[in-house]
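Letter by letter, the chains look like this.
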Amino acid sequence: MSRISRLPSSLLRAAACTGAAALALTACGSGSGSGSASTGSGEVKVGLITKTDTNPFFVKMKEGAEKTAKAEGVKLMTAAGKFDGDNAGQVTAIENMVASGVKGILITPSDSKAIVPAIEKAKAKGVLVIALDTPTEPQSAVDALFATDNLKAGELIGEYAKAAMKGKTAKIAALDLAPGVSVGVQRHNGFLKGFGVTDKDVACAQDTGGDQSKGQTAMENCLQKEPGINVVYTINEPAALGAYTALKAKGREKDVLIVSVDGGCTGTRAVKDGKIAATSQQYPLKMAAEGVKAVVTYAKDGKKASGYTDTGVTLITDKAQDGAASKDTAYGLENCWG
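Residues numbered from 1 in each chain as written. Predicted model: local features only at pLDDT ≥ 70, side-chain atom pairs only at ≥ 80, totals over all residues. Heavy atoms only, no water.

1. Some words on the nonpolar core
Let me state the cut-off plainly: To form a nonpolar core, buried Ala, Val, Leu, Ile, Met, Phe, Trp, Tyr and Cys residues must be joined to one another through side-chain atoms within 4.5 Å. Burial here depends on accessible area, computed with a 1.4 Å probe over protein chains only, as a share of the maximum for the residue type. Under 20% is buried, over 50% is exposed, and the range in between is partly exposed. Each helix is a run of H or I in the DSSP string that is no shorter than four residues. Each strand is a run of E no shorter than two, and both are numbered from the N terminus. The contact criterion used is simple: two residues touch if any of their non-hydrogen atoms lie within 4.5 Å.
Counting 28 residues, the largest nonpolar core has Tyr-160, Phe-191, Phe-195 and Val-259 as its most contacted members. For this core, the element with the most residues is helix α5 (residues 150-165), which contributes seven residues. Other than its neighbours up to four places away in sequence, Tyr-160 contacts Leu-257, Val-259, Ala-277, Ala-278, Leu-315, Thr-317, Lys-319, Gln-321 and Ala-324. Formed by 24 residues, the second largest nonpolar core is a distinct cluster that contains Leu-48, Met-61, Leu-106 and Ala-144.

What follows is the structure, given as structure tokens:
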């Protein structure tokens, strides 16, 4: 979930746009909207709302949306939460975008359940709403979902970890996201399925919010609870690097297997460096690009995207294991983000 210079243009947009409330709604002529889009009333506007604008995953998602919007000749409006979990800010962004006349909204929900009423209001006004990366609860609250199969992402690293342990007794630490967030739940459950265990077999489970420093603290707590931990599942690569730091401080970094999900460039380099054994790589740019195209199709002929579109996931490791199909870090670095 993840990254990171267009300061002059963004500052100009900030000065030009009005009504920046809980979320900064950038788009009055957003870099994606200039070009072939008309400036008259027939202009097609597409909204993109991410959880934050600092996580490299969402930076890459925005990049994909901007590139596609420019190619399609439509205007892109963007907004991002102040923090991961800022549901109120995302609600405000939806309301602002609907008022601005967007034809469709692409959103990575911070709160999969709490955002639903705002989405339903937007849909009632004829706005196509597509979730990216994170499904709503229920998933049917949006018209369509373009995302990684997060259950499969977790399953891939679970299968890998089981194969890598080669029959040794596993003492597992699960460094999760946060309660009730569907992405975190799916990855966690996928890992358990792939490894062939249940929550009863997890020696220690801690929430990290996907944050590196919190990942370090969580790992420290788990080592105090169960010093013999030898397998660490992490919700994402920042949490994995936090876990690695805590393990290194105890001299355990070489005898504990860490697996993760995301496939960002920093995380993929960590796999190459041996800090993380394997990661499941996902593709945020593709999610956003396909989302923008779906809104353009809806604007042109009224055809709505529907259902779930799997945007792909690949296991990345330089230590391949039998029974766990994977690609190496050279492939991962060619396809990473951030």
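2. Some details on helix α3 (residues 87-99)
The criterion, for reference: How far a helix is expected to stretch is found by multiplying one less than its residue total by 1.5 Å.
Its 13 residues place the ends of α3 19 Å apart at the C-alpha level, agreeing with the 18 Å of an ideal helix rising 1.5 Å per residue. Taken together, the buried positions of α3 are Asn-87, Gly-89, Gln-90, Val-91, Thr-92, Ala-93, Ile-94, Met-97 and Val-98. Residues of α3 that are buried make contact with β1 (45-50), β2 (75-80), β3 (104-107) and α4 (116-124).

3. Re the pattern of salt bridges
Formally: We define a salt bridge as a side-chain nitrogen of Lys or Arg found within 4 Å of a carboxyl oxygen belonging to Asp or Glu.
Within the structure shown, the criterion is met by nine salt bridges. Measuring nitrogen to oxygen at the nearest pair gives 3.9 Å for the salt bridge that ties Lys-304 to Asp-143. Pair noted here: Lys-304 is in the loop between α10 (284-301) and β11 (307-310) and Asp-143 is in the loop between β4 (128-132) and β5 (144-147), with a separation of 161 residues, a long-range link. The closest approach of N and O atoms between Lys-193 and Glu-155, which form a salt bridge, is 3.8 Å. Of this pair, Lys-193 sits in helix α6 (residues 182-195) while Glu-155 sits in helix α5, placing them 38 residues apart in sequence.

4. Regarding the packing of aromatic side chains
Put simply, the rule reads: By convention, a stacked pair of Phe, Tyr or Trp rings (six-membered ring in the case of Trp) has centres within 6.5 Å and planes under 30 degrees apart, an edge-to-face pair has planes over 60 apart, and any other such pair is tilted. Distance and angle both matter: a charge sits over a ring if NZ of Lys or CZ of Arg is within 6 Å of the ring centre and within 35 degrees of the ring normal.
Enumeration over the complete set of coordinates arrives at four aromatic pairs. Plain terms: the ring middles of Phe-57 and Trp-337 are 5.1 Å apart, the flat faces sit at 80 degrees to each other, and that makes the pair edge-to-face. A residue pair is termed long-range when its members are at least 10 positions apart, and Phe-57 in helix α2 (residues 56-72) and Trp-337 in the segment after α11 (329-335) qualify at 280 residues. Overall, Phe-57 belongs to the buried group, its relative accessible area being 0%. Note on Phe-191 and Phe-195: the rings are 5.8 Å apart at their centroids and 40 degrees apart in plane angle, and the pair reads as tilted. Here the residue Phe-191 and the residue Phe-195 both occupy positions in helix α6, the gap between them amounting to four residues, near one helical turn. Exposure remark for Phe-195: the relative accessible area of 8% places this residue in the buried category. The structure contains a cluster of three or more aromatic residues connected by ring pairs, namely Phe-57, Phe-58 and Trp-337. Over the face of the ring belonging to Tyr-298 we find Lys-103, whose NZ or CZ atom lies 5.2 Å from the ring centre. Sitting above the plane of the Tyr-331 ring, Lys-327 keeps its charged end 5.1 Å from the centroid.

5. What about the sheet that holds β1?
Our working rule: Only strands that DSSP links by at least two bridges are regarded as paired with each other. Between N-to-C directions, angles span 0 to 180 degrees; the directions come from axes that are lines fitted to C-alpha atoms, helices contributing only their stretch in contact.
Strand order in this open sheet of six strands is β2-β1-β3-β4-β5-β11, and the pairing throughout is parallel. The open sheet is flanked by β2 and β11, the only strands paired with a single partner. The average angle at which neighbouring strand axes cross in this sheet is 20 degrees, direction not considered. Sheet analysis places β1 next to β3, joined by four bridges and oriented parallel. Residue pairing across strands places Ile-49 opposite Ile-107, the latter belonging to β3. Sheet contacts for α2: β1, β2 and β4; angle to β1, the most-contacted strand, approximately 175 degrees.

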